[in-house]
Structures are given as C-alpha cells and as structure tokens.
Amino acid sequence: MHVNNQSVSEWCRKGKDDFHGYCRFCDTDIKCDNSGKAQLLQHAKKEKHKQATKHVRSNNQAKLLVTAGAPSTSSSSSSNRTSGANVISFNYNDTSLSAEIYRLAKMASCNFSLCSADHIGDTLKQMFPDSKIAAGFNLSRPIASYIIGEGLAPCFKTVIIDDVKKSNLPFTMHFDETTTARVKKQMDLTLRYWSPTHNEVWVAYYTSLFFGHAEGAKVASRMFSPMKDDGIPMGKLIALARDGPNVNKTILNELQQMIKDDYPQFAGFADIGSCVLHVVHNAFGKGLEKYGKEVDQLCLDLHAIFKHSAARREDYQQLQFDMGVELHTFQQHTEVRWLSIGPAISRIMEQWDAICQFIRDLGKNEKTAPKTINYKRVAAMLTEGEKDATKVLLEFLKSTFPLFEEFLTLFQKSTPTIHLIYDSMCLTLLKVMRRFLKPTALEGKFGATLGSVSCEDVKLQLTDNELVIGDQTRKALACLNPAKQRLAILGITAFYVATVSHLQTRLHLGYKLLRDLGCLNPLKWH
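Residues numbered from 1 in each chain as written. Predicted model: local features only at pLDDT ≥ 70, side-chain atom pairs only at ≥ 80, totals over all residues. Heavy atoms only, no water.

Enquirer: Which residues make up the packing of helix H16 (residues 387–410) against helix H17 (residues 418–434), and what values do they have?
Expert: The contact between H16 and H17 brings their axes to 10 Å, and the two run at 170°. Taken as axis vectors, H16 and H17 run roughly antiparallel relative to one another. The segment H16 lies against H17, with Leu-403, Phe-404, Glu-406, Phe-407 and Leu-410 engaging Ser-424, Met-425, Thr-428, Lys-431 and Val-432. Grouping the constituent residues of the contact of H16 with H17 by class yields six nonpolar, two polar and two charged. (Axes fitted to C-alpha atoms, helices over the stretch in contact; angles between N-to-C directions. Helix = DSSP H or I, 4+ residues; strand = E, 2+ residues; numbered from the N terminus. Parallel < 35°, antiparallel > 145°, perpendicular 65-115°, else oblique. Contact = heavy atoms within 4.5 Å. Nonpolar A, V, L, I, M, F, W, Y, C, P; charged D, E, K, R; others polar.)

Structural data, given as structure tokens:
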C-alpha cells in the first residue's frame, strides 16, 4: 500500500497494541481500531507527516539497507560486503548516491578526515566531465558525518549483533578505558565470538561509552544496558578481558551479578586473571627503577635536542656522512607505548660514536652551546668520565629488552592465543631467571613452582663472570675500572631481581584454568 509515493511499511510499524500503529517519523501512535487502513491514510495526508517524510520521499535522498543475502544486480543499486553482510544503497533515479556511500565506507574504514569530503564532488566533475555519476556526486563534511554516524554505523552494528545471536555460542567481551584529548573517559567494548558468517573466531567493535566519574558500579550498569537492549544473550558471556586496576574488579563483580539477576542459570565468568601484557611491561619498568632510570630520560632528551632545530639536524647529518654512520634520526620514546625504549636504545647504540662527537662539539663554545636542560642532561651522561658507564647500561638494556618484546608482540594480536599464554609467560620468566640464577636453583621448576624460587638469595645467584649480560655489554664493561665494574654488576643484578620479583607475584602462575587451556595447543597433541 502506497501513500504520497511511499510505502506505508516505510514509516508505519506496529504500535503499543493490535489497535495502534506507530509512525516512526512523527513519533506518534495512530489509532486504527475504527476504520483501520483509512485512519493510517488520513495520518499520511497530514502536513506534519509530509514534512517529516519529505527527505525520505525525495529521489535525491539515498536509502540504506543491510541484508544477509546476495546484493542486487540491478543498475539502480550497488552493494558493499562488510562483516558478512550486504550494505545496499539505493535510489530511484540517481546512482551517484550509491557512489557516495562507497566513498563514505572507504573514508570510515581507512580513517580519512571528514574534511576530505569537502568539494570532492567538484573534483570528480573536473576529473570525469562526461560522467553522469560524477555530475551528481555531492558530499560535504556535515553530510559525511551524518551518513556515517546515523546510517552506516547503526547498520554495521546490527550486522554484528545479529551475527552474535546467530552464533548461539559462548563469547567474551573486551573493555579498556582511556582519557581522550577532549578530557573524557572513553571505554571501547569489543566482542570476540565464533562467527557463523565467517566460520572463524571474530573480533568486532561493539560500542563506546563515555564517562565523567567512572565508578565500577556505574560502568557495569552502562555496559549491561545497551547489550540487554540489543538482545545480546548475556547469559553466554563467559569472560571479560581487562587490565589490572582494582576498579575493574568491581566492574566484573557488578556485571556478573546483573547477568545472574536476568539469567538465573548463569554460572559466572571464567576467571582467567587480568592482562598479563601490563604485568610483563611493568616488570621491565621495575627493573629500570633499580638500574637504568636515567636511560629513559636520555632517550627523551636526545630526541628533543633535534626535534625543533633544523640547523642541528643538518649538522648531525653531515657528521653522519663524514663518519660513515647510517643516516637515521632518533626514534621517539614514550611511556605509553610498550617497550618503545628498546628501539630508541638500539638507534642510540647504532649512532653512538656520532652522538658522542656531536654533543662534545656542541659544548666547545660556551656562547653557542645550548642552554636547555635536555642538552645539559645528555652532556653530563656523555662526558669522558661517564660515557663508558652509560654505554654499559645501554648495551645491557639492548640485550635484555628482546626477552620482553617477544612476549608482548606475540599477544598483541586479534587471533585466539589463550592456549599459549600460560606456557609463554612461564618461559619468559624462566628466561630472565636463567640469566642470573644457578641452574640448580631452577632444576625441575616450571609454572607455579617458579614463584617459590628466592631470587634475592645470593647463594642461588651466578657469579659476576657467569651473569648473562650479552657480549657487547661484557666488552663495554671491560673498559671500566674495577670499582665501576662492580657498581654496574650490582645494578644489573638489582635489575634482574626487581624484574623477576614483579613477575613472580603478578603473573597468573597458579591459575589452573589458564594452564589447562594449553591442551588446545596443536603442538601438544602429538
């Protein structure tokens, strides 16, 4: 049934009961208990309704549909398959609008700026003057923002929700919170589930929540409400993936109770502990607090010296060329990126001779020498009396950080790796322990038993000459006098002890579930 060149089903839905319809454009209930169809037609003829549906009835307005079937092959429609669904943009006359939808989907998937939509229609007209599609192509920043946010996003969210429901299998939810540039707390939620559409484990973004105060109970309620409204089977949620702050424990407990209230048969979440990536990264930081905290600042200062000075960059590049050093710039180290100090140290060691020469030359003339605190700190660490000790420290950290980097890199993936976590974290701990503890102290130790080894016991530690510190570190150590050598060895040992102590107390060595999930590793099947 059509009214005003528009199907009634496009605007009318079932109302609050069998005797009412609902107009989604006017947000109005329509009584139809008397003459039925005639009452619906009467509503459609009202001026308010005509104005509300004006843009929908216009042939210049694109419409979006999400279907699970094959896309239409008609000349007046086009489709784009995303997340196992067909997003169909259709228009009665103008196929240019279909092209606009494709462009917006590309912008969203590649994180293009919305400003890139401004005047793109004029550009296409100049590029393809004989194209009717280009002639009708019209986008701008407001239009792009509206269609992506109010059209594409809800469509794709519906696809994900329907896929989770269709799976009808247990799933997990991942959440993490950060403070945005606009000083708002943003929490992103993603779902990991078996996708019947893709026939594999699928990780999909679900939604984002924003907070001022992010108390545990409030966050749990905000997480539960949209999932319940969307009809996601919360009773099949088996685990939450999270980091380690205590507030997250409150979120877990509160959310678990909310689900139990709605699903009495819900048995609770599987406890797989908090994020082990944070534990391993923080362990390296604990070691730096004992031996190497000045290196963190050195990496920042060296980058700052060259960051805003074109003249220094040019002078240093010339020095690199003269000394036959690779023409590389210094890598920026930041505390919020896991082990970014590793690549920064490697670059410093690659440029070591050139750095020492350049800093020394900068300070020869007191009038032209930089007065910044960055330069003064770097110069103090590279004086004739200190640069050898600095080199020992840098070489040691360069040889050590790959132990941690290997673990962090392995588990920063979207592929299922839970069957690898337990063995990998035990092996990482064991590798660090073997660098300074005697083999007899570690004999037969693995898993939970590694936590019982007293790494602070001097009797269990290797001698100074047996410590595993890397060949380049040992070579640099030989250039120090005996007193400084001893200080360096004590610092290295303190680094190892602090690192291992943190791993022993924070890793989930006693979690039997994590250990038993190792049976899913195909390498253990033979």
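So, next bit.
Enquirer: Describe the side chain of His-303, with residues and values.
Expert: Considering the arrangement of structural elements, one finds His-303 in helix H11 (residues 293–307). When its relative accessible area of 17% is taken as the criterion, His-303 is described as buried. Setting aside anything within four residues of it in sequence, one finds His-303 in contact with Phe-330, Gln-331 and Gln-332. (Buried < 20%, exposed > 50% of the residue type's maximum accessible area, 1.4 Å probe, protein only.)

Enquirer: Before we move on, could you go through the packing of H11 against H16 and cite the residues and values that matter?
Expert: Two elements in contact, H11 and H16, have axes separated by 11 Å at closest approach and are oriented at 90°. One element, H11, and the other, H16, form an angle in the roughly perpendicular class. Counted together, Glu-294, Val-295 and Leu-298 of H11 and Thr-390, Leu-393, Leu-394 and Leu-397 of H16 form the full contact between these two elements. For the contact of H11 with H16, a count of residues per class yields five nonpolar, one polar and one charged.

Enquirer: Quick one: what's the story with helix H7 (residues 141–167), residue by residue and with numbers?
Expert: For H7, built from 27 residues, the straight-helix expectation of 39 Å at 1.5 Å per residue is met to within 8% by its first-to-last C-alpha distance of 37 Å. Along H7, the sharpest change in direction is near 35° and occurs at Ile-148. Immediately downstream of H7, the backbone of Asn-168 shows phi near 55°, a positive value. (Expected span 1.5 Å × (residues − 1). Bend = angle between axes of the 7 residues up to and from the residue.)

Enquirer: Can you lay out the pairing of strand E5 (residues 28–31) for me, pointing to particular residues and giving the numbers?
Expert: When strand E4 (residues 20–23) meets E5, the two strands line up antiparallel, connected through four bridges. Note on E5: the bridge partner recorded for Gly-21 is Ile-30. Hairpin connection, E4 to E5: the antiparallel pair is bridged by four residues, and Asp-27 has positive phi, about 55°. (Pairing = 2+ DSSP bridges.)

Enquirer: Can you explain a nonpolar patch on the surface? Please cite residues and give values.
Expert: Nonpolar side chains collect at one region of the surface, where Leu-169, Trp-194 and Val-201 lie side by side and expose about 240 Å² of accessible area between them. Examined against the element boundaries, Trp-194 turns out to sit in strand E10 (residues 185–195). In this structure Trp-194 comes out as partly exposed when scored by relative accessible area, which is 35%. (Patch = residues over 30% accessible without salt bridge, like charges linked within 9 Å, V, L, I, M, F, W, Y side chains within 5 Å. Areas by Shrake-Rupley, 256 points an atom, 1.4 Å probe, with all protein chains shown as cover. Salt bridge = Lys/Arg side-chain N within 4 Å of Asp/Glu carboxyl O.)

Enquirer: Kindly report on the sheet that holds strand E9 (residues 171–179), identifying the contributing residues and their values.
Expert: Backbone-to-backbone hydrogen bonds pair the strands of a sheet. The strands run either parallel or antiparallel. The strand order across the open sheet built from four strands is E11-E10-E9-E12, with neighbouring strands paired in mixed fashion. Since the sheet does not close on itself, it has two edges, and those belong to strand E11 (200–211) and strand E12 (237–241), each with one partner. Put simply, the sheet's adjacent strands are angled 20° from each other on average, direction ignored. Its contacts with the sheet place H7 against E9, E10 and E11, and it is angled at close to 45° to E10. Contacts from helix H8 (residues 216–229) reach E9, E10 and E11, with the element oriented near 125° to E11.

Enquirer: Break down the pattern of salt bridges for me, with residues and values.
Expert: Under the counting rule described, the total for this entry stands at 12 salt bridges. Across the pair Asp-230 and Lys-157 runs a salt bridge, and its minimum N-O distance is 3.7 Å. Of the two residues, Asp-230 is situated in the loop between H8 and E12 and Lys-157 in helix H7; the sequence distance between them amounts to 73 residues. For Asp-230, a relative accessible area of 22% puts it in the partly exposed group.

Enquirer: Break down the environment of Leu-300 for me, with residues and values.
Expert: Looking at the secondary structure, you find Leu-300 in helix H11. A relative accessible area of 31% places Leu-300 in the partly exposed class. Sequence separation of Leu-300 and Ile-341 is 41 residues, and the distance between their C-alpha atoms is 9.4 Å.

Geometric descriptors of this kind do not, in isolation, establish any biological role.
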